[in-house]
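Observations on chain architecture
The lines below spell out each chain.
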Amino acid sequence: MNWLATLNESQLEAVIHPNGPLFVVAGAGTGKTRTLTAKIAYLIMQGVEPKRILAVTFTNKAAREMKQRVIDMTGPHAMDVWLYTFHAFGLQILRRHIQELPYGYKPSFTVIDEDDGKKIVSDVIKSLGLDTKMFSVKSLKNLISLFKSNRMEEFERSEEEKIYKGYQTYLRENQLLDFDDLLIYTLELLEEYPRIKLKYQTGFDHVLVDEFQDTDVIQYKILKVLGEVHKNLFVVGDPDQSIYGFRGANYNNSKYFLKDFNAEEIILDKNYRSTNFILKAANKLIAKNFNRPSQKNLESDLGIGTPIVYHTAQSDYQETFYVINEINRLIMQGYTYNDVAILYRNNALSRLFEDAMIKEGIPYIIYGGISFYERKEVKDALAYIRVINDCNQDFYFKRVVNVPKRSIGLKSIQVLEEKAGQLGVSMFEAIDYVDLRPQAKSALLDFKKMIISLKEDFDEMEDLYQIMPVLMSKTGYTQMLKDENTEQAEYRIDNLKELQSVFTRGDVYYEGFFYEKLNQQLDQIALYSDLDQDVTEDNHVKLATYHQVKGLEFKAVFMVVLEEGIFPGDRALMSTYELEEERRVAYVGITRAKERLYMTHAERRMVYGQIKIGYPSRFIKESRLDMPEPKYKPTYDYESHLLKTGDHVDHQVFGKGVVVSIEGEVATIAFAMPHGIKQILESHPSIKKIKKQ
DNA sequence: TCTCCATGAGTTTTT
DNA sequence: CTCATGGAGA
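Everything in this summary refers to the structure shown in the same document. Quantities reported herein were computed from a predicted structural model and do not represent experimental measurements.

Attention now goes to the overall build of chain A. Summing up its helical and strand segments, chain A has 25 helices and 22 strands in all. For chain A, whose C-alpha radius of gyration is 28 Å, the value lies close to the compact-globule estimate of 26 Å for 693 residues. Its C-alpha atoms give chain A principal-axis dimensions of roughly 80 × 75 × 50 Å. Put simply, chain A has 693 residues, and 53% of those count as buried. Taking contacts inside chain A between residues at least 6 apart in sequence as the whole, the part at least 24 apart equals 73%. Counting every atom, chain A has about 32600 Å² of accessible surface; 51% of that belongs to carbon and sulfur. Taking the average location of the 89 positive side-chain charges in chain A and that of its 99 negative ones, the two points are 3 Å from each other.

Next up on the list: the protein's contact with DNA strand B. With respect to spatial proximity, 26 residues lie near DNA strand B, and among them Arg-247, Arg-345, Lys-405, Gly-409 and Ser-529 are the closest. Sugar and phosphate atoms constitute 50% of the interface atoms of DNA strand B, taking the interface as everything within 4 Å of the protein. Here a phosphate oxygen of DNA strand B and a side-chain polar atom of Gln-548 are 2.8 Å apart. In the surface near DNA strand B, the residues fall into eight nonpolar, 11 polar and seven charged.

What follows is about the pairing of strand 16 (residues 593-607). Here strand 11 (residues 309-315) runs beside strand 16; their pairing, made up of six bridges, is parallel. Along strand 16, the bridge assignment pairs Tyr-310 with Met-599. Sheet topology places strand 16 next to strand 17 (residues 610-613); four bridges connect them, and they run antiparallel. Its bridge partner being in strand 17, Val-607 is matched across the sheet by Gln-610. Taking the residues between adjacent antiparallel strands as the criterion, strand 16 and strand 17 are bridged by two residues, where Tyr-608 takes a positive phi near 50°.

Looking now at the environment of Gly-303. In this fold, Gly-303 is placed in the loop between strand 10 (299-300) and strand 11. For the pair Gly-303 and Thr-275, spaced 28 residues apart in the sequence, the C-alpha separation amounts to 5.5 Å. When residues no more than four places from it in sequence are discounted, the contact partners of Gly-303 are Thr-275 and Asn-276.

One pass over the structure, following the stated rule, counts 41 salt bridges. The closest approach of N and O atoms between Asp-210 and Lys-32, which form a salt bridge, is 3.2 Å. Here Asp-210, found in the loop between strand 6 (206-209) and helix 10 (217-227), pairs with Lys-32, found in helix 2 (residues 32-45); they are 178 residues apart in sequence, far enough to count as distant. Both residues of the pair, Asp-210 and Lys-32, belong to the buried class. Of the charged contacts, one joins Glu-582 and Arg-345 as a salt bridge, the two residues approaching to 2.3 Å between their closest N and O atoms. On the criterion of sequence distance, the pair formed by Glu-582 in helix 24 (residues 576-590) and Arg-345 in the loop between strand 12 (340-344) and helix 14 (350-360) is long-range, its members being 237 residues apart. By relative accessible area, Glu-582 is classed as buried at 7%. A single network of salt bridges, built from pairs that share partners, joins Lys-32, Asp-210, Glu-211, Asp-214 and Lys-550.

Sheet architecture is open: six strands sit in the order 3-2-6-7-1-8, paired in parallel fashion. Strand pairing shows two members of the sheet lacking a second neighbour, strand 3 (82-85) and strand 8 (264-268), which therefore form its edges. Taken over all neighbouring pairs, the strand axes of this sheet differ in orientation by 15° on average, direction set aside. Examined bridge by bridge, strand 1 (residues 22-26) and strand 8 share five bridges and lie parallel to one another.

We now examine the packing of helix 8 (residues 179-192) against helix 9 (residues 194-203). Relative placement of two packed helices is described by the angle separating their axes and the distance separating the axes. With their axes 5 Å apart at the nearest point, helix 8 and helix 9 run at an angle of 100° to one another. Regarding the angle of helix 8 to helix 9, the classification is roughly perpendicular. Of the residues in helix 9, those in contact with Leu-189, Leu-190, Glu-191 and Glu-192 of helix 8 are Pro-194, Ile-196, Lys-197 and Tyr-200. Its residues placed into classes, the contact of helix 8 with helix 9 shows five nonpolar, no polar and three charged.

With respect to the helices and strands, the residue Pro-469 is situated in helix 20 (residues 467-474). As for Pro-469 and Val-56, which are separated by 413 residues in sequence, their C-alpha atoms are 37 Å apart.

Glancing now at the nonpolar core. In this structure, Leu-471 and Leu-499 are the most contacted members of the largest nonpolar core, which totals 111 residues. Counting residues per element, this core draws most heavily on helix 15 (residues 376-389), at eight residues. The residues touching Leu-499, leaving out its near neighbours within four places in the chain, are Phe-372, Tyr-373, Val-378, Ala-381, Leu-382 and Met-468.

The rules behind these values
- Residues numbered from 1 in each chain as written.
- Chains lettered and ligands numbered in written order.
- Predicted model: local features only at pLDDT ≥ 70, side-chain atom pairs only at ≥ 80, totals over all residues.
- Heavy atoms only, no water.
- Helix = DSSP H or I, 4+ residues; strand = E, 2+ residues; numbered from the N terminus.
- Rg over C-alpha atoms; globule rule 2.2 N^0.38 Å.
- Buried < 20%, exposed > 50% of the residue type's maximum accessible area, 1.4 Å probe, protein only.
- Contact = heavy atoms within 4.5 Å.
- Areas by Shrake-Rupley, 256 points an atom, 1.4 Å probe, with all protein chains shown as cover.
- Lys, Arg positive; Asp, Glu negative; His and termini not counted.
- Charge placed at Lys NZ, Arg CZ, Asp CG, Glu CD.
- Near = heavy atom within 4 Å.
- Polar contact = N/O pair within 3.5 Å; in protein donor to acceptor, adjacent residues only side chain to side chain.
- Nonpolar A, V, L, I, M, F, W, Y, C, P; charged D, E, K, R; others polar.
- Pairing = 2+ DSSP bridges.
- Salt bridge = Lys/Arg side-chain N within 4 Å of Asp/Glu carboxyl O.
- Axes fitted to C-alpha atoms, helices over the stretch in contact; angles between N-to-C directions.
- Parallel < 35°, antiparallel > 145°, perpendicular 65-115°, else oblique.
- Core = buried A, V, L, I, M, F, W, Y, C linked by side-chain atoms within 4.5 Å.

What follows is the structure, given as structure tokens:
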């Protein structure tokens, strides 16, 4: 156990802490993962059976890495540790017990992703005959999610509730579960079914949780049930890095945990990542948050380091220019492109910087975008496989029946779906009975024949790698892409080849007959959003949002577009709660940097095609170490006003209003109730002047 | 069934 | 500005 010697005092204290509830508050870069894996290894060394340990994480990547580390530390029997994401843990439980719930689910249910969910919502809206303009699919899917996970009491509009019910019915009738269901049904089984509850309460002796600050209400309840009997909950997290509130992460869970379990608390604040200029800035910034349990100040042994560099650019373009220049200077000083990250608040801001990178020939990658398993061609291929695997999967049937084009239009599909509904069979089965024009009917019959033929091929197969070639040629999918003869199509073919290698790897990883392997592989894919390609090898600057780099670190970090209205965003200005979350996002940003940190903003920026004046983000001032006000000299003319008394304006949040007076840069504007009179910077990006009628 | 234009919306997203 | 969507028309 020589790895125990590598831990610092607080880490060691946490690791050898006797049984009972413990909250390890692990600040950024303080060895959170190291402590958690050491704890698991320690438990195993103490004689706890690996299969009686449950550790949950938020990402597959974290789960996989942690498992590997524990195996490295204690040997291969650590394979038996239950180390899963919350969702994967739920999936395990539900594959075993879902038939006990009164919703008609069979253990062979399918997990759909966010995109599929939206499609279903959209179909439901249409089938209810509602005006599609009145209901945004995106926000409805969100509302449904809020409602399902008890984060919203009731729907505001009766139609919304109808859509929710339609969605839920569709899922149940088609044996589909969305991501929320994986957690909700798991909780229901654990809370309402004493036998199951007892099984899992006593099946584990220890429950460990990573990134606890990101747990939502349902996840916390699951942990609560699991830990109720033995109370051996080892929870690691950093409330200051809670930046997923919008997705349901409940900031108060840390308070609840300390109270509900009367847990002890150990704080890790010795940082191993950054120099102290950076840490001081981070400490100073986060201290501005009022709602802040478990306060801590980060400090490291890495010296004071280089001061943070602030830069005010005259325009958005010049800001990118400055960043490029500084990157070039860093390179001359011996940094590699790999050491550098450009971080911003939202994805749209990547564009400017991407353009600049291309122009200057600096290698870069942009995080985010559509991930591998969300790509159209990959989803199509998987949908085919699901239909072949089980012909009654109407949802996936609909997706592929006319891809490539087989002249089976929307109308034909609708008629078929109705027929299937009348007969109470799947669309696939209903093909024989449906009344359609001969062309459409024979196209459907041909499709059916093709699927049956593919099914026969599958039955003959022994390994997953055999799937793709047959599938792609029989369905005509590859041919369709080849005929397109575009770069885009080439790229899609490459992605399908990559899917092929996913299956090849699956052959090594999974055991059993073809269909057993296939089902395991499909489950895996359902919970994985992306391939874990190791991108750290290549040498390029990383462009990413703050959210995307949580948990990562870079020698040099550029926090760009630090402007009021963008970061913090307009929406966050009204509530302390949201503003504090924005501040935590900034805190995450600062703490990514190991040696160099730049904070930049521009005075003028194109926003939606219009030039707007930008003010430096309050986070600059709030984190700045020199006490006096930042030497910010605006270069625009104070006297030329953008607005004048009597102007009508439209504010993104407060709606329409009239300018009552102007003093300096501040306009007093009267908005309709309940907002009333507000004083706002006249050039604030959320204000738009509207022409008088 | 496909293509073209008008229209509107426009944070963050581990699963 | 730029992307997605939906309706009209070929």
